[in-house]
Amino acid sequence: MIITIRNERAEDYTATDQVVKSAFADMEFSDQKEHELVSRIRKDSGAFIPELSLVAIPSRERDRGAYSFIENQNQPRESKH
């Protein structure tokens, strides 16, 4: 799998919020509001450095080919007896 790492963009915020929610979903001491903290840091913090906010994006075209190969390998093969 090829993964591209790039700077986070505004259109990524919903997806990154979901990642943060999932990361803390089962944490015993979580208030389930960590994604809100991330949003506040992005918007209101003078300490926010956009160049350090990164996302990892899988290459869909590459993955599709790899999954097709795996699926084909798992198919039963016809016997030529």
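Conventions adopted
- Residues numbered from 1 in each chain as written.
- Predicted model: local features only at pLDDT ≥ 70, side-chain atom pairs only at ≥ 80, totals over all residues.
- Heavy atoms only, no water.
- Salt bridge = Lys/Arg side-chain N within 4 Å of Asp/Glu carboxyl O.
- Buried < 20%, exposed > 50% of the residue type's maximum accessible area, 1.4 Å probe, protein only.
- pLDDT = per-residue confidence, 0-100.
- Contact = heavy atoms within 4.5 Å.

(A) A look at the pattern of salt bridges. Applying the stated rule across the entire model yields 4 salt bridges. In this structure, the salt-bridge partner of R9 is E11, at a minimum N-O distance of 3.8 Å. When its relative accessible area of 60% is taken as the criterion, E11 is described as exposed. Through salt bridges with shared partners, one network takes in E8, D17 and R42.

(B) Highlighting the confidence of the model for the chain. Taken over all residues, the pLDDT of the chain has a mean of 80, while the share at 70 or more is 74%. Throughout residues 64-69 the model reports pLDDT below 50, and contacts reaching past four residues in sequence, or to other chains, amount to 1 contact.

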